[in-house]
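# Descriptive analysis of the structure
Each chain, written out:
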Amino acid sequence: MSAGALEASGSGVPEFMSWDDLQELPDDIAAEIELWDRRVVWNRRGPLEHQRFAVRMRNALESNARRAMRDRSGEPGEPPCWQVEVETNVFFKTDKSSFLTPDFLIRRCLPRGADTTAADVLLVGEVLSGSDTPKRREWTEDRYAEAGI
């Protein structure tokens, strides 16, 4: 999105910003922004049905992940540890200048409060909404694929 388009949206958000700049924005605006190489990428939240489906997917994935971890607990070696989350930032760079926020994900277990990096993530999922365009979906899929997700 160009700086002019951002200004026209009335948000007053610059076209490029750092993670620290993003943290200074009001929560309702910051929640709709992802960063890619410091460029602002708008990620509008879907309607109630969108949120409901994402939570149901998360719950189903978590149930299956717990079952798989339990079933493997008797096998030799350390059993896997997976966490299933919704709307969690996935950081692609250590300076947090590139991150996406999938609707749900499976990641390796991390300590409470730890940032989720692309290397921690096993699976991501996006619930499609009317505002999703084929170009945006392809761009997002490419970013995850480049990171090996």
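Residues numbered from 1 in each chain as written. Predicted model: local features only at pLDDT ≥ 70, side-chain atom pairs only at ≥ 80, totals over all residues. Heavy atoms only, no water.

### With respect to the overall build of the protein
Looking only at helices and strands, the protein has five helices and eight strands in total. Of the regular secondary structure in the protein, the N- to C-terminal order runs α-α-α-β-β-α-β-β-β-β-β-β-α. Along the longest, intermediate and shortest principal axes, the C-alpha atoms of the protein span 60 × 35 × 25 Å. Counting only residues that meet the buried cut, the protein has 35% of its 149 residues in that class. Approximately 9,000 Å² of the protein is accessible, and the part contributed by carbon and sulfur atoms is 50%. In the protein, which carries 20 positive and 27 negative side-chain charges, the distance between the mean positions of the two groups comes to 5 Å. (Helix = DSSP H or I, 4+ residues; strand = E, 2+ residues; numbered from the N terminus. Buried < 20%, exposed > 50% of the residue type's maximum accessible area, 1.4 Å probe, protein only. Areas by Shrake-Rupley, 256 points an atom, 1.4 Å probe, with all protein chains shown as cover. Lys, Arg positive; Asp, Glu negative; His and termini not counted. Charge placed at Lys NZ, Arg CZ, Asp CG, Glu CD.)

### Considering the pairing of strand β1 (residues 33–36)
Burial of the side chains of β1 extends over both faces: Ile 33 and Leu 35 are buried on one face and Glu 34 and Trp 36 on the other. Inspection of the sheet shows β1 paired to strand β2 (residues 39–42) by four bridges, in the antiparallel sense. Pairing of Ile 33 across the sheet is with Trp 42, part of β2. (Pairing = 2+ DSSP bridges.)

### Points about unusual backbone geometry
A positive phi angle, near 70°, is found at Arg 38, a position not held by glycine. Structurally, Arg 38 is set in the loop between β1 and β2.

### Some thoughts on helix α5 (residues 134–146)
A rise of 1.5 Å per residue sets the reference length of α5, with its 13 residues, at 18 Å; its end C-alpha atoms lie 18 Å apart and thus fit the reference within 8%. Three or more residues of α5 are buried, namely Thr 140, Arg 143 and Tyr 144. Mapping the buried residues of α5 onto a view down its axis gives an arc of 95°, with all of them on the same face. Of the exposed residues in α5, those oriented more than 90 degrees away from the buried face are Pro 134, Lys 135, Glu 138, Glu 141, Ala 145 and Glu 146. (Expected span 1.5 Å × (residues − 1). Arc of directions from axis to C-beta.)

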